[in-house]
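Here are the chains, one letter per residue:
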Amino acid sequence: MTQDDELMKNSDQQTLRQVTPEVDKYPVALRVLHWVRAVLILGLIAAGWTMTSLDDSVTAKFTQLYPLHKSFGLLALLIVLVQLAIRAVSRLPGPAELPAHERVLSHIVHVAIYALAVIVPLMGYAMSSTFSQSDGVTFFGIHVPELLPKNDAWSSAFALLHKTLAYTLLALVVLHVLGALKHRFFDKNPKADVLPRML
């Protein structure tokens, strides 16, 4: 490539950046849904731990806590699906200026959080659908069709997956938060601070 070709290429890239300026924040809808989903996930994990710790003689456990947990779990699933759809059609900020190993770790954690935000509610749905004594799954009073046959052995397997993956999701969320705090308060490069993108 000649020097003139190199100059033309750099000029074209600069023109392209002027026409399509860099985005420094996520779209408003994604920012709002990000924080709503975060609150939902933390609340659902806390509620799941609380309700499974209660004695079966506590009637509210089955009449209120379980139905609400299922409803908000489905809401969290719907939110992450909407987030993925918005991401697919939106212009998003470029990658933060991080060391290569941190950039790879950040990408893995983000992908895993999105994946588990889909899988964990599906495991909860599968657990409830296959449990022979379950009243099924409702979404704030609306009955959700059960697509799986009743099978208590399957239900136990889905319950273990639901619980294990929920705690894995919690660990990834904690790692995500710690990473964001590190970039904001300890990294010397201000372009590593990703928090303003979500505020």
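Quick caveat, the model's predicted, so the values are computed rather than measured. (Residues numbered from 1 in each chain as written. Predicted model: local features only at pLDDT ≥ 70, side-chain atom pairs only at ≥ 80, totals over all residues. Heavy atoms only, no water.)

**A few points about the packing of helix H4 (residues 100-130) against helix H5 (residues 152-185)**
The geometry of H4 relative to H5 is characterised by a closest axis approach of 8 Å and an angle of 150° between their N-to-C directions. In this view, H4 runs roughly antiparallel relative to H5, as classed from their interaxial angle. Where H4 crosses over H5, the two elements pack in a sense that is left-handed. When its residues are assigned to classes, the contact of H4 with H5 shows 20 nonpolar, eight polar and three charged. (Axes fitted to C-alpha atoms, helices over the stretch in contact; angles between N-to-C directions. Helix = DSSP H or I, 4+ residues; strand = E, 2+ residues; numbered from the N terminus. Parallel < 35°, antiparallel > 145°, perpendicular 65-115°, else oblique. Left-handed = near helix turned anticlockwise from the far one by under 90°. Nonpolar A, V, L, I, M, F, W, Y, C, P; charged D, E, K, R; others polar.)

**Quick notes on the environment of Gly141**
Mapped onto the secondary structure, Gly141 falls in the loop between strand S1 (137-139) and strand S2 (142-144). By relative accessible area, Gly141 is classed as exposed at 69%. (Buried < 20%, exposed > 50% of the residue type's maximum accessible area, 1.4 Å probe, protein only.)

**A closer look at the side chain of His34**
Turning to its location among the elements, His34 is positioned in helix H2 (residues 28-53). Assessed through its relative accessible area of 15%, His34 is described here as buried. Setting aside residues no more than four positions away along its own chain, His34 makes contact with Gln83, His176 and Met198. (Contact = heavy atoms within 4.5 Å.)

**A closer look at the side chain of Asp193**
Relative to the helices and strands, Asp193 resides in the segment after H5. The class of Asp193 is buried, set by a relative accessible area of 17%. Side chain to side chain, Asp193 and Arg184 meet in a polar contact 2.6 Å long. Not counting residues up to four positions away in its chain, the partners in contact with Asp193 are His183 and Arg184. (Polar contact = N/O pair within 3.5 Å; in protein donor to acceptor, adjacent residues only side chain to side chain.)

**Description of the nonpolar core**
Listed in full, the ten residues of the largest apolar core are Ile41, Ile45, Val109, Ile113, Leu116, Val120, Ala166, Leu169, Leu172 and Val173. Elements with a minimum of two residues in this core: H2, H4 and H5. Core analysis: the next-biggest nonpolar cluster, separate from the first, contains nine residues, Tyr26, Leu40, Ala76 and Met198 among them. (Core = buried A, V, L, I, M, F, W, Y, C linked by side-chain atoms within 4.5 Å.)

**Notes on H5**
In this model H5 runs 49 Å from its N-terminal to its C-terminal C-alpha over 34 residues, within 8% of the 50 Å that 1.5 Å per residue would give. Buried within H5 are the following residues: Ser155, Phe158, His162, Ala166, Leu169, Leu172, Val173, Ala180 and His183. Buried residues belonging to H5 abut H2, helix H3 (59-89) and H4. Put simply, Asn151 is the residue that caps the front of H5, since its side-chain oxygen is 3.0 Å from the backbone nitrogen of Ala153. (Expected span 1.5 Å × (residues − 1).)

**Focus on H3**
If you check H3, its first and last C-alpha atoms are 46 Å apart, about what 31 residues at 1.5 Å a residue would give, namely 45 Å. Of all the bends found along H3, the most pronounced is centred on Leu65 and spans about 30°, while Pro67, a proline, follows it within four residues. The set of residues buried in H3 consists of Lys61, His69, Lys70, Ser71, Gly73, Leu74, Ala76, Leu77, Ile79, Val80, Gln83 and Ile86. Buried residues in H3 make contact with H2, H4, S1, S2 and H5. (Bend = angle between axes of the 7 residues up to and from the residue.)

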